[in-house]
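# Coordinates in review
Residue-level listing of the chains:
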Amino acid sequence: MKMIVLIVLFFTTLFTTNPPVASGYKPGDKATDFKLKSVDGKMYSMADYKDAKGFIVVFTCNHCPFAVKYEDRIIYLAKKYESKGYILLAINPNDPEAQPLDSYDLMKVRAKEKGFTFPYLFDEGQKIYPQYGATKTPHVFLLDKNLVVKYIGAIDDNVEDASAVKVKYLENAIAALDKNQTPSPETTKAIGCSIKTKK
C-alpha cells in the first residue's frame, strides 16, 4: 500500500511541477563578455570600455510593444549614465526567422528613427541571451566593472506610463553600486514579450 502511495505521489509530482526555470546568471555571478555586431556595422564587447564603472545590458527588440514603450527611457538612461561611467549596451535576442520585424536591417532602421546613441547589438545565432538567462524584451542586467551581476529584472515599476513610475529599480541599483552597497531588490520580474526562437 505504501509503495502505491509513493508511486502515485511520484507521478503527481512529475506532471504538476512547474516547467524548469530558465538557466542563466544570478546576482553575484560573473558574466561572460560577448562580441556582437551593432547597427553601425562594428563589433562591440565590454572589454572595449576599459574605464567603465559598470554596464547596463538591456535585452530588447524592435517589435515588442513593451520594448517600444521603454525605448525613450532606455535612451535617457544611456545618456544619463554614460557620463557617470556606466555603458548601456542593447541586445536584440530574437531570431528574425521567428520574428521578421527584428531583422538586423530593421534594427538599423529603428536605431536611426529613434536616434540611438548606444550600441544596438544583434545576438546572431542566439548564443548570448541564454547565457544571461534573459526571458523577456526588455530584460535588464546591471554588471559592475568586473562583470559581476548586481541586478536583474525590470527598469522600473510602470510599463505603461513613465511619468507614473514610483520605483526606479535600475537607477536605484546603480545608486547602490556607486556606494559599494548591494542593490535592494537584487532581482525583479521582467515584464515584456517572450524571446522569439525558431520552432
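Residues numbered from 1 in each chain as written. Predicted model: local features only at pLDDT ≥ 70, side-chain atom pairs only at ≥ 80, totals over all residues. Heavy atoms only, no water.

Within the structure shown, the criterion is met by ten aromatic pairs. When the ring of Tyr25 is compared with that of Tyr132, the centres are 4.9 Å apart and the planes differ by 80°; the resulting orientation is edge-to-face. Taken together, the residues Tyr25 in the loop between α1 (2-16) and β1 (36-38) and Tyr132 in helix α4 (residues 129-132) connect sequence positions 107 residues apart. Considered together, Tyr25 and Tyr132 belong to a single accessibility category, that of buried residues. An aromatic cluster is defined as three or more aromatic residues linked by ring pairs; in this entry it consists of Tyr25, Phe34, Phe59, Tyr132 and Phe141. (Phe/Tyr/Trp six-rings, centres within 6.5 Å; stacked < 30°, edge-to-face > 60°. Helix = DSSP H or I, 4+ residues; strand = E, 2+ residues; numbered from the N terminus. Buried < 20%, exposed > 50% of the residue type's maximum accessible area, 1.4 Å probe, protein only.)

Bringing the pattern of salt bridges into the picture now. Following the criterion strictly, the structure yields eleven salt bridges and no others. Across the salt bridge formed by Glu97 and Lys198, the nearest N and O atoms sit 3.9 Å from each other. Residue Glu97 is located in the loop between β4 (86-92) and α3 (104-114), and its partner Lys198 is located in the segment after β9 (193-194); the two are separated by 101 residues in the primary sequence. It is possible to trace a salt-bridge network through shared partners that takes in Glu71, Arg110 and Glu113. (Salt bridge = Lys/Arg side-chain N within 4 Å of Asp/Glu carboxyl O.)

Leaving glycine aside, a negative phi is the common case for residues, and trans is the common case for peptide bonds. In this structure, Pro138 follows Thr137 across a cis peptide bond, with omega equal to 5°. Within the element layout of this structure, Pro138 appears in the loop between β6 (136-137) and β7 (139-144). For the bond running from Ser184 to Pro185, omega is 5°, close enough to zero to count as cis. Relative to the assigned elements, Pro185 resides in the loop between α5 (169-178) and β9.

Most often, soluble globular proteins have nonpolar side chains that are buried together. Core analysis: the biggest nonpolar cluster contains 29 residues, and Ile56, Leu88, Phe118, Leu142 and Leu170 have the highest contact counts within it. Of all elements in the fold, only β3 (54-59), α2 (65-82), β4, α3, β5 (120-122), β7 and α5 reach the threshold of two or more residues within this core. Of the residues forming this core, the biggest block, six residues, is contributed by α2. Sequence-distant contacts of Leu88, that is, excluding residues within four places in its chain, are made with Ile56, Val58, Ile74, Leu77, Ala78, Phe118 and Pro119. Of all hydrophobic cores here, the second largest spans 24 residues; its members include Met46, Ala52, Ile91 and Val149. (Core = buried A, V, L, I, M, F, W, Y, C linked by side-chain atoms within 4.5 Å. Contact = heavy atoms within 4.5 Å.)

Taking 1.5 Å as the rise per residue, α2 with 18 residues should run 26 Å; its terminal C-alpha atoms sit 26 Å apart, in good agreement. A maximum bend of about 45° is found in α2 at Glu71. Turning to α2, its buried residues number three or more, namely Ala67, Tyr70, Glu71, Arg73, Ile74, Ile75, Leu77, Ala78 and Tyr81. (Expected span 1.5 Å × (residues − 1). Bend = angle between axes of the 7 residues up to and from the residue.)

It is worth spelling out the environment of Asp40 at this point. Take Asp40: it is sitting in the loop between β1 and β2 (43-44). What makes Asp40 partly exposed here is its relative accessible area of 42%. Residues Asp40 and Tyr120, spaced 80 residues apart in sequence, show a C-alpha to C-alpha distance of 8.4 Å. Only 2.9 Å separates the side chain of Asp40 from the backbone nitrogen of Lys42, close enough to count as a polar contact. Within the structure, the side chain of Asp40 is placed 2.6 Å from the side chain of Tyr44, a separation counted as a polar contact. (Polar contact = N/O pair within 3.5 Å; in protein donor to acceptor, adjacent residues only side chain to side chain.)

Interaxial distance between α2 and α5 falls to 12 Å at its minimum, and their mutual angle equals 15°. If you check the angle between α2 and α5, you find them roughly parallel. Between α2 and α5 lies a crossing of right-handed hand. Where α2 approaches α5, its residues Tyr76, Leu77, Lys80 and Tyr81 are matched on the opposing element by Leu170, Glu171 and Ile174. (Axes fitted to C-alpha atoms, helices over the stretch in contact; angles between N-to-C directions. Parallel < 35°, antiparallel > 145°, perpendicular 65-115°, else oblique. Left-handed = near helix turned anticlockwise from the far one by under 90°.)

Here we come to the sheet that holds β5. The seven strands are arranged β2-β1-β5-β4-β3-β7-β8 in an open sheet whose pairing can be described as mixed. At either margin of the open sheet sits one strand with a lone partner, and together these are β2 and β8 (149-153). Where β7 meets β8, four bridges bridge the pair, whose relative direction is antiparallel. Along β8, the bridge assignment pairs Leu142 with Tyr151. Taken strand by strand, α3 contacts β1, β4 and β5, and its axis lies near 175° from that of β5. Sheet contacts for α5: β3, β4, β7 and β8; angle to β7, the most-contacted strand, approximately 5°. (Pairing = 2+ DSSP bridges.)

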